[in-house]
Amino acid sequence: MTRTPDPGLQQERTRLAWRRSMLAFAVVGLAVVRGAFVESAEGIVILAALGVGSALFLSISLMGSGPGRRVRWTAPSRREPAFQQVLRDGTLPLLMTITAAVLCLAVLANAFSVLIG
Amino acid sequence: MATTRPLTWCCPVSSSVSSVSSSKRRPLWVYDHGDEPDPRFSLANERTFLAWIRTALALLAGAAAVHAFDLDVSDTVAAWSSGLLSASGLLCALQAWFGWMRTERALREGQALPSNGVGAVLAAVVASAAIILLIIGSR
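Residues numbered from 1 in each chain as written. Chains lettered and ligands numbered in written order. Predicted model: local features only at pLDDT ≥ 70, side-chain atom pairs only at ≥ 80, totals over all residues. Heavy atoms only, no water.

Helix and strand content of chain A: three helices and zero strands. Each helix and strand of chain A, placed in order from N terminus to C terminus, yields the pattern α-α-α. Across the 117 residues in chain A, those meeting the buried criterion constitute 45%. In chain A, the proportion of contacts linking residues at least 24 apart, taken out of those at least 6 apart, comes to 56%. A total accessible area of about 6,200 Å² is found for chain A, and carbon and sulfur atoms account for 70% of it. (Helix = DSSP H or I, 4+ residues; strand = E, 2+ residues; numbered from the N terminus. Buried < 20%, exposed > 50% of the residue type's maximum accessible area, 1.4 Å probe, protein only. Contact = heavy atoms within 4.5 Å. Areas by Shrake-Rupley, 256 points an atom, 1.4 Å probe, with all protein chains shown as cover.)

Below, the structure written as C-alpha coordinates:
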(Lines give C-alpha, C1' and ligand atoms only; values in the text may rest on other atoms or scores of the structure.)
Protein backbone atom coordinates (compact mmCIF):
# COMPACT_ATOMS: atom_id res chain seq x y z
CA MET A 1 0.00 0.00 0.00
CA THR A 2 1.64 3.18 -1.12
CA ARG A 3 1.01 6.23 0.95
CA THR A 4 -0.05 9.27 -0.97
CA PRO A 5 1.00 12.49 0.70
CA ASP A 6 -1.80 14.60 2.08
CA PRO A 7 -1.85 17.75 -0.08
CA GLY A 8 -3.45 19.69 2.77
CA LEU A 9 -0.71 18.67 5.24
CA GLN A 10 -3.33 18.32 7.95
CA GLN A 11 -1.22 16.29 10.33
CA GLU A 12 1.78 18.56 9.97
CA ARG A 13 -0.31 21.66 10.58
CA THR A 14 -1.91 20.10 13.62
CA ARG A 15 1.45 19.06 15.01
CA LEU A 16 2.81 22.57 14.59
CA ALA A 17 -0.35 23.98 16.20
CA TRP A 18 0.26 21.76 19.22
CA ARG A 19 3.87 22.91 19.43
CA ARG A 20 3.12 26.60 19.37
CA SER A 21 0.29 26.15 21.85
CA MET A 22 2.61 24.32 24.23
CA LEU A 23 5.17 27.06 23.80
CA ALA A 24 2.55 29.67 24.66
CA PHE A 25 1.56 27.58 27.64
CA ALA A 26 5.13 27.46 28.91
CA VAL A 27 5.65 31.20 28.48
CA VAL A 28 2.38 32.25 30.10
CA GLY A 29 2.72 29.69 32.90
CA LEU A 30 6.18 30.98 33.76
CA ALA A 31 4.97 34.58 33.61
CA VAL A 32 2.12 33.82 36.01
CA VAL A 33 4.45 32.02 38.40
CA ARG A 34 6.90 34.89 38.29
CA GLY A 35 4.05 37.30 38.99
CA ALA A 36 3.05 35.15 41.96
CA PHE A 37 6.41 35.73 43.61
CA VAL A 38 6.11 39.46 43.10
CA GLU A 39 2.52 39.65 44.26
CA SER A 40 1.02 39.24 47.69
CA ALA A 41 1.96 36.30 49.86
CA GLU A 42 -1.30 34.37 49.90
CA GLY A 43 -1.33 33.86 46.15
CA ILE A 44 2.22 32.59 45.92
CA VAL A 45 1.70 29.04 47.09
CA ILE A 46 -1.34 28.41 44.91
CA LEU A 47 0.12 29.98 41.81
CA ALA A 48 3.50 28.32 42.15
CA ALA A 49 1.86 24.93 42.59
CA LEU A 50 -0.23 25.59 39.52
CA GLY A 51 2.81 26.60 37.53
CA VAL A 52 4.65 23.45 38.51
CA GLY A 53 1.59 21.41 37.65
CA SER A 54 1.28 22.97 34.25
CA ALA A 55 4.98 22.49 33.56
CA LEU A 56 4.64 18.82 34.47
CA PHE A 57 1.62 18.56 32.25
CA LEU A 58 3.56 20.21 29.48
CA SER A 59 6.49 17.82 29.67
CA ILE A 60 4.23 14.78 29.74
CA SER A 61 2.33 15.95 26.72
CA LEU A 62 5.49 16.73 24.80
CA MET A 63 6.83 13.28 25.57
CA GLY A 64 3.68 11.89 24.08
CA SER A 65 4.38 13.54 20.76
CA GLY A 66 7.96 12.33 20.51
CA PRO A 67 9.11 9.96 17.81
CA GLY A 68 8.77 6.25 18.19
CA ARG A 69 5.65 6.32 20.30
CA ARG A 70 2.25 5.18 19.30
CA VAL A 71 0.69 8.58 19.30
CA ARG A 72 -2.92 8.48 20.25
CA TRP A 73 -3.87 11.72 21.87
CA THR A 74 -1.23 14.21 20.88
CA ALA A 75 0.06 15.49 17.61
CA PRO A 76 0.81 12.69 15.18
CA SER A 77 4.46 11.95 14.56
CA ARG A 78 6.08 11.29 11.22
CA ARG A 79 5.88 7.59 11.87
CA GLU A 80 2.14 7.61 12.04
CA PRO A 81 1.31 4.42 10.18
CA ALA A 82 -1.64 5.53 8.12
CA PHE A 83 -3.88 8.50 7.81
CA GLN A 84 -6.97 6.60 8.87
CA GLN A 85 -5.31 5.42 12.04
CA VAL A 86 -5.06 8.87 13.51
CA LEU A 87 -6.92 8.06 16.64
CA ARG A 88 -7.27 10.92 19.01
CA ASP A 89 -9.47 11.71 21.92
CA GLY A 90 -10.25 14.47 24.35
CA THR A 91 -7.83 13.62 27.16
CA LEU A 92 -5.11 16.12 26.40
CA PRO A 93 -7.53 18.88 25.35
CA LEU A 94 -9.37 18.45 28.64
CA LEU A 95 -6.17 18.59 30.69
CA MET A 96 -5.08 21.65 28.78
CA THR A 97 -8.42 23.36 29.33
CA ILE A 98 -8.38 22.65 33.06
CA THR A 99 -4.85 23.98 33.44
CA ALA A 100 -5.68 27.15 31.52
CA ALA A 101 -8.89 27.62 33.50
CA VAL A 102 -7.12 27.19 36.84
CA LEU A 103 -4.42 29.67 35.85
CA CYS A 104 -7.13 32.15 34.85
CA LEU A 105 -8.93 31.58 38.14
CA ALA A 106 -5.74 32.24 40.07
CA VAL A 107 -5.15 35.60 38.38
CA LEU A 108 -8.85 36.38 38.76
CA ALA A 109 -8.72 35.60 42.47
CA ASN A 110 -5.69 37.82 42.82
CA ALA A 111 -7.53 40.74 41.21
CA PHE A 112 -10.55 40.01 43.37
CA SER A 113 -8.51 40.07 46.55
CA VAL A 114 -7.19 43.50 45.60
CA LEU A 115 -10.75 44.78 45.15
CA ILE A 116 -11.95 43.26 48.42
CA GLY A 117 -8.99 44.10 50.63
CA MET B 1 -16.89 -0.16 6.58
CA ALA B 2 -20.35 1.08 7.24
CA THR B 3 -19.52 4.75 7.11
CA THR B 4 -19.34 6.67 3.89
CA ARG B 5 -16.36 8.93 3.62
CA PRO B 6 -16.58 12.00 1.45
CA LEU B 7 -12.98 11.63 0.33
CA THR B 8 -10.85 8.54 0.40
CA TRP B 9 -7.96 9.74 -1.69
CA CYS B 10 -5.30 9.09 0.91
CA CYS B 11 -5.18 5.38 1.27
CA PRO B 12 -7.53 2.54 0.65
CA VAL B 13 -10.02 2.58 3.48
CA SER B 14 -9.12 -0.34 5.66
CA SER B 15 -10.87 -1.78 8.64
CA SER B 16 -8.23 -0.32 10.94
CA VAL B 17 -10.48 2.34 12.39
CA SER B 18 -13.47 0.17 13.02
CA SER B 19 -11.29 -2.51 14.60
CA VAL B 20 -10.33 -0.13 17.39
CA SER B 21 -12.93 0.02 20.08
CA SER B 22 -14.37 3.49 20.29
CA SER B 23 -15.28 3.01 23.94
CA LYS B 24 -11.63 3.52 24.92
CA ARG B 25 -11.73 7.10 23.73
CA ARG B 26 -13.00 9.84 25.95
CA PRO B 27 -15.17 11.79 26.47
CA LEU B 28 -17.90 9.26 25.89
CA TRP B 29 -20.30 12.12 25.27
CA VAL B 30 -18.46 12.50 21.97
CA TYR B 31 -17.21 9.06 21.05
CA ASP B 32 -20.29 7.06 21.96
CA HIS B 33 -22.15 8.73 19.12
CA GLY B 34 -22.05 8.52 15.38
CA ASP B 35 -19.29 7.25 13.13
CA GLU B 36 -15.69 8.10 12.57
CA PRO B 37 -15.52 11.29 10.48
CA ASP B 38 -12.93 12.15 7.88
CA PRO B 39 -9.73 12.50 9.95
CA ARG B 40 -8.99 15.86 8.41
CA PHE B 41 -12.11 17.31 9.98
CA SER B 42 -11.10 16.06 13.41
CA LEU B 43 -7.66 17.56 12.94
CA ALA B 44 -9.15 20.88 11.88
CA ASN B 45 -11.41 20.79 14.94
CA GLU B 46 -8.36 20.17 17.10
CA ARG B 47 -6.58 23.18 15.62
CA THR B 48 -9.63 25.31 16.34
CA PHE B 49 -9.49 24.11 19.94
CA LEU B 50 -5.83 25.08 20.12
CA ALA B 51 -6.53 28.50 18.64
CA TRP B 52 -9.08 29.16 21.40
CA ILE B 53 -6.62 27.96 24.03
CA ARG B 54 -4.00 30.34 22.71
CA THR B 55 -6.54 33.14 22.80
CA ALA B 56 -7.21 32.30 26.44
CA LEU B 57 -3.49 32.33 27.17
CA ALA B 58 -3.05 35.67 25.43
CA LEU B 59 -5.82 37.21 27.55
CA LEU B 60 -4.28 35.66 30.65
CA ALA B 61 -0.92 37.13 29.70
CA GLY B 62 -2.60 40.51 29.39
CA ALA B 63 -4.18 40.12 32.81
CA ALA B 64 -0.82 39.22 34.33
CA ALA B 65 0.90 42.08 32.51
CA VAL B 66 -1.42 44.63 34.14
CA HIS B 67 0.07 43.55 37.45
CA ALA B 68 3.61 43.06 36.22
CA PHE B 69 4.13 46.46 34.67
CA ASP B 70 4.06 49.45 36.90
CA LEU B 71 1.17 51.23 35.20
CA ASP B 72 0.24 54.72 36.25
CA VAL B 73 -3.24 53.71 37.33
CA SER B 74 -4.87 53.11 40.69
CA ASP B 75 -4.94 49.65 42.21
CA THR B 76 -8.69 49.46 41.70
CA VAL B 77 -8.47 50.20 37.99
CA ALA B 78 -5.64 47.69 37.55
CA ALA B 79 -7.56 45.05 39.47
CA TRP B 80 -10.74 45.59 37.46
CA SER B 81 -9.02 45.37 34.09
CA SER B 82 -6.92 42.41 35.18
CA GLY B 83 -9.99 40.68 36.55
CA LEU B 84 -12.00 41.26 33.38
CA LEU B 85 -9.15 40.05 31.18
CA SER B 86 -8.62 36.88 33.20
CA ALA B 87 -12.37 36.25 33.27
CA SER B 88 -12.49 36.48 29.50
CA GLY B 89 -9.51 34.13 29.35
CA LEU B 90 -11.52 31.68 31.43
CA LEU B 91 -14.42 32.10 29.04
CA CYS B 92 -12.15 31.35 26.08
CA ALA B 93 -10.81 28.22 27.75
CA LEU B 94 -14.34 26.97 28.36
CA GLN B 95 -15.32 27.79 24.79
CA ALA B 96 -12.26 25.86 23.60
CA TRP B 97 -13.28 22.69 25.38
CA PHE B 98 -17.04 22.76 24.93
CA GLY B 99 -16.77 23.97 21.35
CA TRP B 100 -14.38 21.11 20.58
CA MET B 101 -16.74 18.57 22.15
CA ARG B 102 -19.85 19.85 20.42
CA THR B 103 -18.12 20.14 17.04
CA GLU B 104 -16.59 16.68 17.27
CA ARG B 105 -19.92 15.14 18.11
CA ALA B 106 -21.66 17.05 15.32
CA LEU B 107 -19.00 15.79 12.90
CA ARG B 108 -19.55 12.22 14.03
CA GLU B 109 -23.29 12.48 13.73
CA GLY B 110 -23.26 14.35 10.45
CA GLN B 111 -25.10 17.27 11.97
CA ALA B 112 -24.66 20.96 11.38
CA LEU B 113 -21.77 22.43 13.33
CA PRO B 114 -22.60 24.35 16.51
CA SER B 115 -22.39 28.10 16.52
CA ASN B 116 -19.84 30.05 18.48
CA GLY B 117 -21.54 31.07 21.69
CA VAL B 118 -19.08 33.41 23.35
CA GLY B 119 -18.04 35.83 20.61
CA ALA B 120 -20.26 38.76 21.59
CA VAL B 121 -19.65 38.36 25.32
CA LEU B 122 -15.92 38.11 24.74
CA ALA B 123 -15.85 41.28 22.63
CA ALA B 124 -17.87 43.17 25.25
CA VAL B 125 -15.67 42.07 28.16
CA VAL B 126 -12.39 42.81 26.41
CA ALA B 127 -13.71 46.19 25.28
CA SER B 128 -14.72 47.09 28.83
CA ALA B 129 -11.32 46.08 30.15
CA ALA B 130 -9.70 48.35 27.57
CA ILE B 131 -12.07 51.23 28.39
CA ILE B 132 -11.40 50.89 32.10
CA LEU B 133 -7.66 50.85 31.59
CA LEU B 134 -7.43 53.59 28.97
CA ILE B 135 -10.14 56.09 29.84
CA ILE B 136 -10.89 55.69 33.52
CA GLY B 137 -7.30 54.79 34.37
CA SER B 138 -5.83 57.86 32.68
CA ARG B 139 -7.78 60.35 34.77
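A few words now on the overall build of chain B. Looking only at helices and strands, one finds five helices and zero strands in chain B. If you take every contact in chain B between residues at least 6 apart in sequence, the share linking residues at least 24 apart comes to 74%. With the model as given, the accessible surface of chain B reaches about 7,000 Å², and the carbon-plus-sulfur share is 61%.

This part is about the packing of aromatic side chains. All names here are of chain B. Across all of its chains, the model carries one aromatic pair over all chains by this definition. On the numbers, 5.4 Å between centres and 20° between planes, the contact of Trp97 with Trp100 is stacked. Of the two residues, Trp97 and Trp100 both sit in helix H4 (residues 75-109), three residues apart, roughly one turn of that helix. Summarising the burial analysis for this pair, Trp97 and Trp100 share the class buried. (Phe/Tyr/Trp six-rings, centres within 6.5 Å; stacked < 30°, edge-to-face > 60°.)

All names here are of chain B. Per the stated rule, a full pass over the model turns up four salt bridges over all chains. The shortest N-O distance in the salt bridge between Arg108 and Glu36 comes to 3.1 Å. Here Arg108 is found in helix H4, whereas its partner Glu36 is found in the loop between helix H2 (28-31) and helix H3 (39-68), with 72 residues between them in sequence. What makes Arg108 buried here is its relative accessible area of 6%. Note on Glu36: relative accessible area 18%, which makes it buried. The partner of Arg105 in a salt bridge is Glu109, with the nearest N and O atoms 3.6 Å apart. With a gap of four residues between them, Arg105 and Glu109 both fall in helix H4, about one helical turn apart. By relative accessible area, which is 18% here, Arg105 ends up buried. What you see here is one network of salt bridges that share partners, running through Arg25, Glu36 and Arg108. (Salt bridge = Lys/Arg side-chain N within 4 Å of Asp/Glu carboxyl O.)

The subject of this paragraph is the state of the cysteines. Throughout the structure, instances matching the rule amount to zero disulfides over all chains. In this structure Cys104(A) is not part of a disulfide, and its nearest cysteine sulfur, from Cys92(B), lies 8.3 Å away. On the basis of relative accessibility, which here comes to 1%, the residue Cys104(A) falls in the buried class. (Disulfide = S-S within 2.5 Å.)

Side chains of Ile131(B), Leu134(B), Ile135(B) and Ile136(B) sit close together on the surface and give an oily, nonpolar patch of about 390 Å² of accessible area. Within the secondary structure, Ile131(B) is located in helix H5 (residues 119-136). (Patch = residues over 30% accessible without salt bridge, like charges linked within 9 Å, V, L, I, M, F, W, Y side chains within 5 Å.)

The first and last C-alpha atoms of H5(B) sit 25 Å apart over 18 residues, in line with the 26 Å expected at 1.5 Å per residue. Structurally, H5(B) contributes buried residues whose contacts are with H3 and H4 of chain B. (Expected span 1.5 Å × (residues − 1).)

In this section: the packing of helix H3 (residues 91-116) of chain A against H3(B). Packing of H3(A) against H3(B) leaves a shortest axis separation of 10 Å and a crossing angle of 20°. Relative to H3(B), the element H3(A) lies roughly parallel. Along this stretch, H3(A) crosses H3(B), giving a crossing that reads as left-handed. Here Pro93(A), Met96(A), Thr97(A), Ala100(A), Leu103(A), Cys104(A), Val107(A) and Ala111(A) of H3(A) come into contact with H3(B), specifically with Phe49(B), Leu50(B), Ile53(B), Leu60(B), Ala63(B), Ala64(B) and His67(B). In the contact of H3(A) with H3(B), the residues fall into 13 nonpolar, two polar and no charged. (Axes fitted to C-alpha atoms, helices over the stretch in contact; angles between N-to-C directions. Parallel < 35°, antiparallel > 145°, perpendicular 65-115°, else oblique. Left-handed = near helix turned anticlockwise from the far one by under 90°. Nonpolar A, V, L, I, M, F, W, Y, C, P; charged D, E, K, R; others polar.)

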